[in-house]
Amino acid sequence: MQDYFDLRYKTGDGLELYARDYPGKTQGAKTQGGETQGGETQGGETQGREAPVILCLHGLTRNSADFDELAVHLSKNFRVLVPEQRGRGQSQWDPQPSNYQPGTYVADTLGMLEQLKIRNVIIVGTSMGGLMAMMMAAARRELVAGVVLNDIGPEVDPRGLTRIKGYVGKTAPVNNWEDAAATVKELNGIAFPDYEKTDWMRMAHQLYRENTAGIPELAYDPAISKPISADTAAAVPPDLWPLFESLRDIPTLALRGAHSDILSADCFAEMQRRLPDMSANEIPHRGHAPALNEATSIAAIDQFVEGIVGLQR
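Residues numbered from 1 in each chain as written. Predicted model: local features only at pLDDT ≥ 70, side-chain atom pairs only at ≥ 80, totals over all residues. Heavy atoms only, no water.

A. Spotlight on the packing of aromatic side chains. Overall, the coordinates contain 5 aromatic pairs when judged by the stated rule. Taking 5.2 Å as the distance between ring centres and 55° as the angle between the ring planes, the aromatic pair formed by Tyr4 and Tyr22 counts as tilted. Here Tyr4 is found in the segment before strand 1 (5-10), whereas its partner Tyr22 is found in strand 2 (residues 16-22), with 18 residues between them in sequence. A centroid spacing of 5.7 Å and a plane angle of 85° characterise the contact between Trp241 and Phe244, whose relative ring orientation is edge-to-face. Of this pair, Trp241 and Phe244 are both found in helix 8 (residues 241-245), 3 residues apart, which corresponds to roughly one turn of the helix. Among the residues examined, Phe244 registers a relative accessible area of 0% and is labelled buried. Cluster of aromatic residues (ring-pair linked, three or more members): Phe192, Tyr195 and Trp200. (Phe/Tyr/Trp six-rings, centres within 6.5 Å; stacked < 30°, edge-to-face > 60°. Helix = DSSP H or I, 4+ residues; strand = E, 2+ residues; numbered from the N terminus. Buried < 20%, exposed > 50% of the residue type's maximum accessible area, 1.4 Å probe, protein only.)

Given below as structure tokens:
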């Protein structure tokens, strides 16, 4: 039995997108007014500000499965929403690849929150999701109670960006799940040096899905690479320091993989200098990006979230 409902909603331009909705097990996080049919949430809203909703935003080529362990953990006390951006997972692919950029994803996500009448969120953003979190906080300050930036900051290390651009939309097809796990290890081994065979297979099942012939295929539209190839700003908007500094009055937690090639140690230190009230944790034995199932990550997020809830009581 899965721990979440399937939520489907429409964007302003008519695409159908998907999200996992972990309803939470406490009264403060309980979904109010929602109907469920066949495991799918049909609408729903939260009442008042009893508890923030945790909104998890995935990275460039990822999907909602990335957050399953964290979401199950957090849903003991909070409702957790994990949307899949257009072109990923179960969300519809966009016939206009130029729409595959953070501004569009932010508009889609804000639209989802509006449809669900959610007014109070803590955003956990991994990589691209962290960029989205900063953009959402700048656009809708009253909506955002806190931000967790997972291995992302206002400067993106060119080494990591080059690595990512080298495989997005270009990964060779696989024939079976063993091949898929081997490919995932080849592309991500640097970030998870302690992973074993079972870990790589688990990650393969997060990143791939079976087609009608039973063959694994990547769970994203290869066309998401087109805007990035044409213009790096489609993946990383320029001059992000002012956007980051706009978090000054919002509780913020920054996590960094200890050997990340996206968030450099120098940038991480500068983030802490510019926002001295920001909480910061380095996650050992991780590159880009921590999976957020690590004990260190979970402990840091728990402490951060509970601190925000205490402020809102």
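That was the structure; now back to the text.
B. Inspection of the side chain of Asp157 at higher detail. Within the fold, Asp157 resides in the loop between strand 8 (144-150) and helix 4 (158-167). The exposure class assigned to Asp157 is buried, which follows from its relative accessible area of 13%. Setting aside residues up to four positions removed in sequence, Asp157 forms contacts with Asp261, Ile262 and Ser264. (Contact = heavy atoms within 4.5 Å.)

C. Here's a closer look at the environment of Gln92. Position of Gln92 among the secondary structure elements: in the loop between strand 6 (80-84) and helix 2 (102-115). Note: C-alpha distance between Gln92 and Tyr22 (70 residues apart in sequence) is 21 Å. Aside from chain neighbours lying at most four places away, what touches Gln92 is Gly14, Leu15, Glu16, Leu17, Arg86 and Gly87. Here Glu16 takes part through its backbone nitrogen, which lies 2.9 Å from a polar atom of the side chain of Gln92. (Polar contact = N/O pair within 3.5 Å; in protein donor to acceptor, adjacent residues only side chain to side chain.)

D. Here's a closer look at the pattern of salt bridges. Taken as a whole, this structure holds 19 salt bridges when the rule is applied. The salt bridge involving Asp68 is made with Arg20; its shortest N-O contact spans 3.2 Å. Of this pair, Asp68 sits in helix 1 (residues 68-74) while Arg20 is found in strand 2, placing the two residues 48 residues apart along the sequence. On the basis of relative accessible area, Arg20 is assigned to the buried category, the value being 12%. Where Asp66 meets Arg62, a salt bridge forms, and the shortest distance between an N and an O atom there is 3.1 Å. (Salt bridge = Lys/Arg side-chain N within 4 Å of Asp/Glu carboxyl O.)

E. Region of interest: the confidence of the model for the protein. For the protein, per-residue confidence averages 91 on the pLDDT scale, and 90% of positions sit at 70 or higher. Considering only residues more than four positions removed or in separate chains, one finds that residues 27-48, a stretch of pLDDT under 50, has 43 contacts. (pLDDT = per-residue confidence, 0-100.)

F. The pairing of strand 12 (residues 279-283), seen in detail. Bridging between strand 11 (residues 252-257) and strand 12 involves 5 bridges; their strand directions are parallel. Pairing of Leu253 across the sheet is with Ser279, part of strand 12. Running through helix 9 (residues 265-274), the crossover from strand 11 to the neighbouring parallel element strand 12 is right-handed. (Pairing = 2+ DSSP bridges. Right-handed = clockwise from strand over helix to strand, strands pointing away.)

G. Region of the structure containing helix 2. With 14 residues, helix 2 extends 20 Å from end C-alpha to end C-alpha; this agrees with the ideal 20 Å at 1.5 Å per step. Within helix 2, the full set of buried residues consists of Pro102, Thr104, Tyr105, Val106, Asp108, Thr109, Leu110, Met112 and Leu113. In this structure, the buried residues of helix 2 make contact with strand 1, strand 2, strand 5 (53-57), strand 6, strand 7 (121-126) and helix 3 (128-139). Where helix 2 ends, the next residue or the one after it, Lys117, has phi of about 60°, a positive value. (Expected span 1.5 Å × (residues − 1).)

H. Structural view of unusual backbone geometry. The omega torsion across His288 and Ala289 is -5°, close enough to zero to call that bond cis. Tracing the sequence through the fold places Ala289 in the loop between strand 12 and helix 10 (295-312). Phi is positive for Asp151, which is not a glycine, with a value near 60°. Tracing the backbone through its elements, the reader meets Asp151 in the loop between strand 8 and helix 4. Positive phi values are uncommon outside glycine, yet Leu292 reaches one of about 65°. Tracing the sequence through the fold places Leu292 in the loop between strand 12 and helix 10. According to the relative accessible area criterion, Leu292 is buried, its value standing at 0%.

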